[in-house]
Amino acid sequence: QTHFLSLSLQAKMSRPVQARRLEGIDKNIWVEFVKLAATYATVNLGQGFPDFPPPDFLKEAFVRALSGENHMLHQYTRAFGHPPLVKILAQFFGKLLGRDLDPMTNVMVTVGAYQALFCCFQAFVDEGDEVIIIEPFFDCYEPMVKMAGGMPVFVPLRPKAPKDGKLMSSADWQLDPAELASKFSERTKAIVLNSPNNPLGKVFSRGELELIADLCEKHDILCISDEVYEWLVYDGKEHIRIASLRGMWDRTVMIGSAGKTFSATGWKVGWTVGPNRLLQHLRTVHQNSVYHCATIAQEAVAQGFQREIELYGKPDSYFVQLPKELQQKRDWLVQSLDAVGMKPIIPEGTYFLVADISEFKSDVPDVPDSDEPYDSRFAKWMVKNKGLAAIPLSAFCCGAHKNNYNHFIRFCFAKEEATLKAANNILQKWKREKTSP
Ligand code: PMP
């Protein structure tokens, strides 16, 4: 026993163990909100994942890969991407971009889009480099830039009130061209573009993309283009790939995700598409960190794309059907929220919707001078008292700007009809309680 005791005493270290690059990024709101949802939520519209299954053709492809004759699918495959997957991705995106892509040098497979982002920041950002991030933003961009030694520089999308008391659209959130231009400097290395944007659902217009592209060219900087929601656009809107604009291919890395594309977020298959002069550096990071992604999942995703390339643009294509179904779900949630006075901002894309909670301040009073943004306290109160989970919009803003966006919460509507009905019931009951004394 004394032996064990002395060992445990010896094991205690007094010097700091964490690397400096972790300073200031060790807190993450997802840990807290995922736990709150697991503890209290009866209806979880918080974290972004579908509660419906991926399409049968994809599940069947996985099962075939798992139990088929080719037992080599249980072993390592090519580090930079399983050959059938990089081949079909090169063919598919080559067609969309109107250029010949080499599967071996213009495509790299990653562990979800998350690892693709990580590779980009590690590969391109040096100490002191600035990276422009459009706010509100998918929250991991900021810590990933910092971990690489870079400095995030934020530029906000600013809301314009719609006319005639109409509901706001994500298109009403716009960049101020002069403000955007003012963020570019000699230290700028890259801009992160996320269209369709999480959390607002904004789909950047051609004009907005051209503005960004012109600045990228003028200042000779890279564009990290996170397009994981590329198929989830509504009302006939078009997703435009910035890499297809003049001068942009050479300086853009396009990022995609089978998680979002095929409603299978747990598979964690993502990819990057771009010129070899950029991708060669992503391969260096990938080789020296993750090295390899699950073979069977890559094989199944390759077959999913094989099907989709044959059905491209046809009514049976999953890339046609999924947005159709999601648009209907979006409209249900818009109606539910609007009916109770939680004003929705109608998203043009993604499976998220941001709503204004100003009218609910009587339920959850503001605490002046609190360190915690109002929307964060509201979302915690809502999950604990109403069983409905959502994410505060301030989670998608940098520390200094959290209070600029503190009366909105984000809902995910990639959910079964029953889940959305249950959310509607909670909201309706809440509204009745508010109006009856
Ligand atoms: N980018 C954005 C904008 C996202 O919303 C997400 C997932 N929420 C990711 C990247 C990460 O995707 P994956 O699950 O494929 O890693």
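Residues numbered from 1 in each chain as written. Predicted model: local features only at pLDDT ≥ 70, side-chain atom pairs only at ≥ 80, totals over all residues. Heavy atoms only, no water.

Draft legend 1. Quick peek at the side chain of Glu142. Positionally, Glu142 belongs in helix α6 (residues 141-147). A relative accessible area of 15% places Glu142 in the buried class. If we ignore the near neighbours within four places in the chain, the residues touching Glu142 are Ile133, Phe137, Pro152, Phe154 and Cys398. (Helix = DSSP H or I, 4+ residues; strand = E, 2+ residues; numbered from the N terminus. Buried < 20%, exposed > 50% of the residue type's maximum accessible area, 1.4 Å probe, protein only. Contact = heavy atoms within 4.5 Å.)

Draft legend 2. Just the nonpolar core, in detail. Formed by 140 residues in total, the largest nonpolar core has its most connected members in Phe121, Ile191, Ile212, Met342, Phe378 and Phe411. Three or more residues apiece are contributed to this core by two domains, here domain 1 (26-54 + 318-435) and domain 2 (56-311). When residues no more than four places from it in sequence are discounted, the contact partners of Phe378 are Met342, Ile357, Phe360, Val364, Ile409 and Trp430. (Core = buried A, V, L, I, M, F, W, Y, C linked by side-chain atoms within 4.5 Å. Domains from an automatic or database assignment.)

Draft legend 3. Structural view of the site of the ligand. Ala113, Asp226, Tyr229, Ser257 and Lys268 are the nearest of the 13 residues found near the ligand. Ala113 places a polar main-chain atom, nitrogen or oxygen, 2.8 Å from an oxygen atom of the ligand. Between the ligand and Tyr229, the relevant distance is 2.6 Å, taken from an oxygen atom to a side-chain nitrogen or oxygen of the residue. About the coverage of the ligand: the protein hides 92% of its 400 Å² of free accessible area. Here the ligand occupies the second largest pocket. Here the shell around the ligand gets three residues from one element, more than from any other, and that element is helix α5 (residues 112-124). (Near = heavy atom within 4 Å. Polar contact = N/O pair within 3.5 Å; in protein donor to acceptor, adjacent residues only side chain to side chain. Areas by Shrake-Rupley, 256 points an atom, 1.4 Å probe, with all protein chains shown as cover. 1 Å grid on protein atoms, 1.4 Å probe; cavity = no way out; pocket = protein on both sides within 12 Å on 5 of 7 lines; lining within 4 Å. Sits in = over half its atoms within 2 Å of the grid points.)

Draft legend 4. Quick peek at the packing of helix α13 (residues 374-386) against helix α14 (residues 417-435). Relative to each other, α13 and α14 sit at 95°, their axes nearing to 12 Å. One element, α13, and the other, α14, form an angle in the roughly perpendicular class. Together, Phe378, Trp381, Met382 and Lys386 of α13 and Ile426, Trp430 and Glu433 of α14 make up the contact between the two elements. (Axes fitted to C-alpha atoms, helices over the stretch in contact; angles between N-to-C directions. Parallel < 35°, antiparallel > 145°, perpendicular 65-115°, else oblique.)

Draft legend 5. Representation of the pattern of salt bridges. Taken as a whole and assessed by the stated rule, the structure comprises 21 salt bridges. One salt bridge in this structure joins Lys380 and Glu32, with 2.8 Å as the shortest N-O distance. Of the two residues, Lys380 sits in helix α13 while Glu32 sits in helix α2 (residues 29-40), which places them 348 residues apart along the sequence. Relative accessible area serves as the criterion here: at 16%, Lys380 is assigned to the buried category. Taking the shortest distance from any N to any O, the salt bridge between Arg251 and Asp220 comes out at 3.1 Å. (Salt bridge = Lys/Arg side-chain N within 4 Å of Asp/Glu carboxyl O.)

Draft legend 6. Just the packing of aromatic side chains, in detail. This model, assessed by the stated rule, comprises 35 aromatic pairs. With 4.8 Å between their ring centres and 50° between their planes, Phe62 and Trp267 make a pair best called tilted. Remark: Trp267 occurs in the loop between α9 (258-261) and β10 (269-273) and Phe62 occurs in helix α3 (residues 56-67); sequence separation between them is 205 residues. The partly exposed category is assigned to Phe62, whose relative accessible area is 25%. Seen in terms of ring centroids, Phe92 and Phe93 are 5.7 Å apart; in terms of plane orientation they differ by 65°. Their pairing is edge-to-face. Judged by relative accessible area, which is 1%, Phe93 ranks as buried. Members of the aromatic cluster, connected to one another through ring pairs, are Phe57, Phe92, Phe93, Trp231, Phe262, Trp271, Phe305, Tyr312, Tyr318 and Phe319. Its guanidinium or amino end placed over the ring of Phe360, Lys434 lies 4.4 Å from that ring's centre, counting from NZ or CZ. (Phe/Tyr/Trp six-rings, centres within 6.5 Å; stacked < 30°, edge-to-face > 60°. Lys NZ or Arg CZ within 6 Å of the ring centre and 35° of its normal.)

Draft legend 7. Structural view of the domain arrangement of the chain. Assigned domains of the chain: these are domain 1 (26-54 + 318-435) and domain 2 (56-311). Taken together, the contact between domain 1 and domain 2 spans 37 residues of the former and 44 residues of the latter. Interface of domain 1 and domain 2: buried area, both sides summed, is about 3500 Å²; carbon and sulfur atoms make up 61% of it. Ranking the residues of domain 1 by area buried against domain 2 places Pro54, Phe319 and Glu348 at the top, with a combined share of 26%. (Buried area = accessible area lost by both parts, 1.4 Å probe.)

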